[in-house]
Amino acid sequence: MPVLNDRGKVGLPALLVLAVLAMSVCAGVRAWWYGFVAAAFVAGGLMVLLWRRGGYRMRTVLLLGIALRLAVLWLPPLLSDDAYRYVWDGLLQVEGINPYRYVPEDPALAGFHDEPIYEWLNSSRFYSVYPPLSQVFFAVAGLFYGFGWEVSYYVLKVLLAGMEVGAMLLLARMVPARRMILYAWNPLVVIETAGQVHTEAVMLFFLVLALWLARRRRGSAAAAALTCAGWVKLYPFVLLPFLWRRFRWRAVWPPVLVSAVLVAPYFDPAIPGHVAASLDLYVRYFEFNAGLYYGVKKLFLVFTGEDWSKTLGPFFQMVFIAALPLLYALDGWERWSLRRAFVWTLGAFFVCATTVHPWYLLGLLAVSMLAPRPSWHWLWLGVASIGTYLLYVDGPYWPFVVLGWGGWAVLAAVRYADPLLQRLQRHRARRKFEAIRDLIPAPVGSVLDLGASEGYVGEVAAHRLGARVHLADVVDMNRTRLPHTVYDGRRLPFADRAFDVTILYFVLHHCADPEAVLREALRVSRRGVIVAESVYETEPERRRLAFLDRWANRLRSGGRMRAQEAHLHFRTAAGWRELFDRLGAAVVAEKRRGRWIHRQAFFRLRPPA
């Protein structure tokens, strides 16, 4: 077993194996479930430490991943009773009965009510909601029911665990070894696939296979694989439209053909209604570990004194459905990668879900492995959700819901706050450029964006003007591909009249010596300097500008602009004109924008001869 560290001694991998073994032993005894959760958190922490250390070959990662799965394969269905329904549906099929036709407690199935698994069935009043491809696996396991339900269960477990190992091997062909640690050695993945048999294991294989095939431009095969994933867990069907943008008609006929083949053996006119009724009851009455839903439900309870569960469940379902067209549109507008489209859509699905059992997250965790960096918010929620099992032994369920989703929210904010901020900044840069476009003389061949910050205004100027744009600032915050120069805030390293136009956008009020900066801008410009400034008319407005400016720039720069806070030089419009006159720069054009919240003045200056 590859549990040696890079120094040849037993190290963290061995501790991870021991933690997973402890998980399996404690899970096997309900009285020890506190130990099961504690061991899961230890295993999750060790996984992260091993990821941080890195240095493991893919072969080692995969072999240890398989070893961890073998270590928990012996577990009976103690953490979840879904397996009893799997075996029940398989038994019915072997006896020639359509598993969708009757609810288990129906008198028509009275001959099966003496079977030992009947009393352990979950939701015996509901029709089976497990799609046809899941039923195929149940039927195979049902062939062994004559040897006892336990044999049928373990046959099914081996089949499903084998499918998940196949998904792991496929994933290993798309991600580096270090990233694979976060999936192959993840305690949630190990316990929910090989430890407790769940059909997500089969869905994982076809979902990952679809991504692998799509990367190889095999659109028809990818669509067929994704359709198979949908006929295991249904929700992957919402991902099919993303294949349409990439493969067009090649992604249309395979889902139709595969669906016809899988559904035909089980079809009956009454069955769609049976399944729809059970799914509606599931959405309306079932709830578990649903962060956003719980939060909204609690707010409604506080403000109205009533339980809105039966209304909020369907409402959240409709919110997700309404979000789908937007996600499909964003995929086209932003030219998303298929991985990103899948992650955002599955993420929206679980955020809007009323029931998020720990094993539900497996598909999202697998897809997120393809991202440029780890999705810590989903990884955290996955491991933390293991703690919600304590609900079934009257343990502390709610602390783990809050811990899981609260940590998810914090880590998601850390991950997405900056990308969202940069998107906002780029959008704002387009508006900022339009505000000065009529002040820029045409034609213009070269532009200096002085005090450029992220460089987004300069980027827009380069695109809209077709000009060569150079960025300069006292700190390097450039997020564009434009050339950038860091200077000392006083002397620009450019020749006289090196640029046609220089842009100073909300810059001068930050400068320790705004007169020196403006003098340099005039020196290096041939045709003009464009100055945009925040201005005020009253003292309260000036104080408000200073407050907002400090916090806005702390947010956008991560504190790198703190030095500029010591000398904020806001002026009235007249005060700026006085400075321009003193330097011999003529105001060729001037305009205003904004009101008392943020008054803005724009000037086009002609450099002195």
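These lines cover the structure that appears in this document, whether it is placed above or below. (Residues numbered from 1 in each chain as written. Predicted model: local features only at pLDDT ≥ 70, side-chain atom pairs only at ≥ 80, totals over all residues. Heavy atoms only, no water.)

### Regarding unusual backbone geometry
Negative phi characterises most residues that are not glycine, and trans characterises most peptide bonds.
Part 1 of the argument: Put simply, Ala-442 and Pro-443 share a cis peptide bond, and its omega is -5°.
Part 2 of the argument: Mapped onto the elements of the fold, Pro-443 is located in the loop between α19 (397-436) and β1 (446-450).
Part 3 of the argument: Phi at Arg-497 is positive, roughly 55°, even though this residue is not glycine.
Part 4 of the argument: For Arg-497, a relative accessible area of 37% gives the class partly exposed. (Helix = DSSP H or I, 4+ residues; strand = E, 2+ residues; numbered from the N terminus. Buried < 20%, exposed > 50% of the residue type's maximum accessible area, 1.4 Å probe, protein only.)

### Points about the sheet that holds strand β3 (residues 484-486)
Part 1 of the argument: The strand order across the open sheet built from seven strands is β3-β2-β1-β4-β5-β7-β6, with neighbouring strands paired in mixed fashion. Of all the strands in the sheet, just β3 and β6 (586-593) have a single pairing partner and so form its edges. Sheet twist, expressed as the average angle between the axes of neighbouring strands with direction ignored, equals 20°.
Part 2 of the argument: Across six bridges, strand β4 (residues 499-505) lies against strand β5 (residues 525-535) in parallel orientation. Within β5, the position partnered with Tyr-505 by the bridge is Ala-532. (Pairing = 2+ DSSP bridges. Axes fitted to C-alpha atoms, helices over the stretch in contact; angles between N-to-C directions.)

### Some thoughts on the nonpolar core
Part 1 of the argument: Phe-36, Met-180 and Trp-185 are the most contacted members of the largest nonpolar core, which totals 146 residues.
Part 2 of the argument: Looking at this core element by element, the count peaks at 14 residues for helix α9 (residues 200-215).
Part 3 of the argument: Leave out the neighbours within four places in its chain, and Met-180 touches Met-58, Val-61, Leu-62, Met-168, Leu-171, Ala-172, Val-175 and Trp-185. (Core = buried A, V, L, I, M, F, W, Y, C linked by side-chain atoms within 4.5 Å. Contact = heavy atoms within 4.5 Å.)

### A short note on the side chain of Thr-199
Part 1 of the argument: On the secondary structure map, Thr-199 appears in the loop between α8 (187-195) and α9.
Part 2 of the argument: Residue Thr-199 is classed as buried on the basis of its relative accessible area, which comes to 2%.

### Focus on helix α7 (residues 177-184)
Part 1 of the argument: Of all the eight residues making up α7, seven are buried; the element is thus mostly covered by neighbouring parts of the structure.
Part 2 of the argument: By the burial criterion, the buried members of α7 are Ala-177, Arg-179, Met-180, Ile-181, Leu-182, Tyr-183 and Ala-184.

### What about helix α21 (residues 514-523)?
In an α-helix, one full turn covers 3.6 residues, which means residues spaced three or four apart are oriented alike.
Part 1 of the argument: For α21, the buried fraction is high: eight of the 10 residues fall into the buried class.
Part 2 of the argument: Restricting attention to buried positions, one finds in α21 the residues Pro-514, Ala-516, Val-517, Leu-518, Glu-520, Ala-521, Leu-522 and Arg-523.
Part 3 of the argument: Packed against the buried residues of α21 are β1, β4, β5, α23 (573-582) and β7 (599-606).

### A closer look at the pattern of salt bridges
Part 1 of the argument: A full pass over the atoms with the stated rule returns 26 salt bridges.
Part 2 of the argument: Between Glu-515 and Arg-582 there is a salt bridge whose closest N-O contact spans 3.5 Å. In this pair, Glu-515 is assigned in helix α21 and Arg-582 in helix α23, connecting sequence segments 67 residues apart.
Part 3 of the argument: A salt bridge links Arg-599 to Glu-541, with the nearest nitrogen and oxygen atoms 2.9 Å apart. Separated by 58 residues along the polypeptide, Arg-599 in strand β7 and Glu-541 in helix α22 (residues 539-557) bring together distant segments of the chain.
Part 4 of the argument: The structure contains a network of salt bridges with shared partners spanning Arg-491, Asp-496, Glu-520 and Arg-523. (Salt bridge = Lys/Arg side-chain N within 4 Å of Asp/Glu carboxyl O.)

### Some points on the packing of helix α4 (residues 82-94) against helix α6 (residues 149-171)
Part 1 of the argument: Running from N to C, α4 and α6 point in directions that differ by 105°, and their axes come no closer than 10 Å. The pairing of α4 with α6 is recorded here as roughly perpendicular in orientation. Side by side, α4 and α6 meet where Ala-83, Tyr-84, Tyr-86 and Val-87 of the first sit next to Trp-149, Ser-152, Tyr-153 and Leu-156 of the second.
Part 2 of the argument: For the contact of α4 with α6, the per-class residue count stands at seven nonpolar, one polar and no charged. (Parallel < 35°, antiparallel > 145°, perpendicular 65-115°, else oblique. Nonpolar A, V, L, I, M, F, W, Y, C, P; charged D, E, K, R; others polar.)

### With respect to the pairing of β4
Part 1 of the argument: Of all seven residues in β4, seven are buried, a share of seventy percent or more.
Part 2 of the argument: Each parallel crossover has a hand, and for β4 linked through α21 to β5 it is right-handed. (Right-handed = clockwise from strand over helix to strand, strands pointing away.)

### What about the packing of aromatic side chains?
Part 1 of the argument: All told, the structure shown has 43 aromatic pairs when counted by the stated rule.
Part 2 of the argument: A ring pair is formed by Tyr-56 and Trp-185, whose centres lie 5.7 Å apart and whose planes are at 70°; its orientation type is edge-to-face. Residue Tyr-56 is found in the loop between α2 (33-53) and α3 (58-72), and its partner Trp-185 is found in the loop between α7 and α8; the two are separated by 129 residues along the sequence.
Part 3 of the argument: Relative to Phe-342, the ring of Phe-242 has its centre 6.4 Å away and its plane inclined at 55°; by these criteria the two rings are tilted. Of this pair, Phe-242 sits in helix α11 (residues 240-247) while Phe-342 sits in helix α16 (residues 338-352); the two residues are 100 residues apart in sequence, bridging distant segments of the chain. As far as the burial class goes, Phe-242 and Phe-342 line up, both buried.
Part 4 of the argument: Here the aromatic cluster, defined as three or more aromatic residues joined through ring pairs, consists of Phe-288, Tyr-293, Tyr-294, Phe-315, Phe-316, Tyr-392, Tyr-397 and Trp-398. (Phe/Tyr/Trp six-rings, centres within 6.5 Å; stacked < 30°, edge-to-face > 60°.)

### Quick look at the pairing of β1
Part 1 of the argument: Buried residues dominate β1, accounting for five of its five residues.
Part 2 of the argument: Strand direction decides the pairing type here: β1 and strand β2 (residues 468-473), joined by five bridges, are parallel. Residue pairing in the sheet places Val-447 in a bridge with Val-469 of β2.
Part 3 of the argument: In terms of handedness, the path from β1 via helix α20 (residues 456-465) over to β2 forms a crossover that is right-handed.
Part 4 of the argument: Pairing analysis gives three bridges linking β1 to β4, with the strands arranged parallel. Across the sheet, Val-447 pairs through a bridge with Val-501, a residue of β4.

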